[in-house]
Amino acid sequence: MRKIRLLYLAMPVLLLGLGCSAQAQEPWTWEKVRTRFEQNNPALLADKLSIDESKAQEITAFLRPNPTLTLTADGTQIAPDHGIWRPFAGTFESPALSYLYERQHKRELRLQSAKKATLIAESNHADLERTLLFNLRGAFVSALQAGAVLQLAKDNLAYYDHVLDIGKTRFNAGDIAQIDFDRLELQRVQYESDLQTAEVNLRTAKIQLLTLLNDRTPIEQFDLAGPFDFNDQLLPRDEFRKIALDTRPDLKAAVEALDKSQTDHRLAIANGSTDPTFSAWYTHNSSNNNPFGVNTLGVSVSIPLRFFDRNQGEKLRTQLDITRNERLRDATEAAVLGDVDSGYATLESNLILLRPYKEKYLKQATRVRDTISFAYQHGGASLLDFLNAENEYRSVQLSYISLIGSYLTSESQLNLAVGREVLP
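Criteria and thresholds
Residues numbered from 1 in each chain as written. Predicted model: local features only at pLDDT ≥ 70, side-chain atom pairs only at ≥ 80, totals over all residues. Heavy atoms only, no water. Axes fitted to C-alpha atoms, helices over the stretch in contact; angles between N-to-C directions. Helix = DSSP H or I, 4+ residues; strand = E, 2+ residues; numbered from the N terminus. Parallel < 35°, antiparallel > 145°, perpendicular 65-115°, else oblique. Left-handed = near helix turned anticlockwise from the far one by under 90°. Contact = heavy atoms within 4.5 Å. Nonpolar A, V, L, I, M, F, W, Y, C, P; charged D, E, K, R; others polar. Phe/Tyr/Trp six-rings, centres within 6.5 Å; stacked < 30°, edge-to-face > 60°. Buried < 20%, exposed > 50% of the residue type's maximum accessible area, 1.4 Å probe, protein only. Lys NZ or Arg CZ within 6 Å of the ring centre and 35° of its normal. Salt bridge = Lys/Arg side-chain N within 4 Å of Asp/Glu carboxyl O.

## Considering the packing of helix 4 (residues 106-172) against helix 8 (residues 312-377)
The relative placement of two packed helices is expressed as an angle between their axes plus a distance between the axes.
Point 1. For the pair helix 4 and helix 8, interaxial distance at closest approach is 11 Å and the crossing angle is 15 degrees. It follows that helix 4 is roughly parallel to helix 8 by the angle criterion. Two packed elements cross with a definite hand, and for helix 4 against helix 8 that hand is right-handed. Residue-level contacts link Asn156, Tyr159, Val163, Ile166 and Arg170 of helix 4 to Arg369, Asp370, Ser373, Tyr376 and Gln377 of helix 8.
Point 2. Of the residues that constitute the contact of helix 4 with helix 8, the class distribution is four nonpolar, three polar and three charged.

## Focus on the packing of aromatic side chains
Point 1. By the definition in use, this model includes twelve aromatic pairs.
Point 2. An angle of 55 degrees between the planes, with centres 5.5 Å apart, marks the rings of Trp30 and Phe140 as tilted. Taken together, the residues Trp30 in helix 2 (residues 30-40) and Phe140 in helix 4 connect sequence positions 110 residues apart.
Point 3. Residue Trp30 is classed as buried on the basis of its relative accessible area of 8%.
Point 4. Residue Phe140 is classed as buried on the basis of its relative accessible area of 2%.
Point 5. Members of the aromatic cluster, each reached through a chain of ring pairs, are Tyr160, Tyr191, Tyr376 and Phe386.
Point 6. Over the ring of Tyr376 we find Arg170; its NZ or CZ atom is 5.0 Å from the centre of that ring.

## Thoughts on the pattern of salt bridges
Point 1. For the coordinates displayed, the defined rule picks out 28 salt bridges.
Point 2. Close ionic contact of Arg130 with Asp127 constitutes a salt bridge, the shortest N to O distance being 2.7 Å. In this pair, Arg130 and Asp127 are both assigned in helix 4, three residues apart and thus about one turn of the helix distant.
Point 3. A salt bridge links Glu220 to Arg203; the nearest nitrogen and oxygen atoms lie 3.5 Å apart. Taken together, the residues span a long stretch of sequence, with Glu220 in the loop between helix 5 (178-213) and helix 6 (237-247) and Arg203 in helix 5 at a distance of 17 residues.
Point 4. With a relative accessible area of 41%, Arg203 lands in the partly exposed category.
Point 5. Overlapping salt bridges, with partners in common, bring together Asp127, Arg130, Arg248, Asp250 and Asp339 in one network.

Quick look at the structure:
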């Protein structure tokens, strides 16, 4: 009774442990992989800080010049003269305050330039995320493809073991010779090798994916789930080009860089203007022509005479920078359209190859294998015919899986070219 009571007490803990284990082994979908990547990838997180740094520079750009406080003391007697030494009788104190006044909206233009630099940083971060997501999607597709190849290897081995059982029965009955049965058994080595290679490839693909995720989940508990198939429907190419021109972050960064260069040029012109410095001071015990001027107040305006330095070099540089950024924007736009056209052509080519496989070749390969296998088991086909049919079936299935992987990769390539996931 005591043992039964302890078992009842331990049952919730056991159930909780089983629940946690089942939750840990739940397959990861692409949405979960992407979310974990955005949360954990160190390169992406480090680059995201550049946006915060740029926002901090906006504060610096909009700061006003600091006023200057000057404390002056003069007129102190340092040596006796004619036997008289009154060191502090003629000392006067004069605190002064000066301030540089910036004209022609320099602060506002600096703030605009800093804000546009932040927009560029955000676009560059989005572009980095776009590239890293393409690498992540490639690793995800590789893992799905390795899983499909592994499943095919298991199915082929199970099918061949069934054939071997039938061959052994026929050999024991004297229906086939020892040499034929030996050749059947030797052929199993190829299927065992395929299975081991597929397991290693799947494990390697999972390791690569976990590295991108910066995740420490054990390989045995890391499973993936997702459609490993192709979609026969494809939008017109012009639709993808339009989306790319509206979405690509590197093109946005090029446009924002052009806008910033125009602001910087206006700032360079403003920096070529004269900024006066206003000063005011108070003097106690001053030395002036007024014998009663013990406490006095003075003001001044300092205006630089910009005969030589009118910021000519920076004006010219920023003007040239506008032209340079215009050229870069045009080059980026051409590259965007080229990427879309190339990705679309690759995806279309994969579809052309996949359609006959799904409609005809897969069914034919299965039908040929099953027919030759049935004929061989009943003495109507040779061993060579059976082995050739097995190899042809295996080759067609592997080619189909490889084409699916190429299709999903080219689909990801087109998403990369467009700038966002327009294809699932």
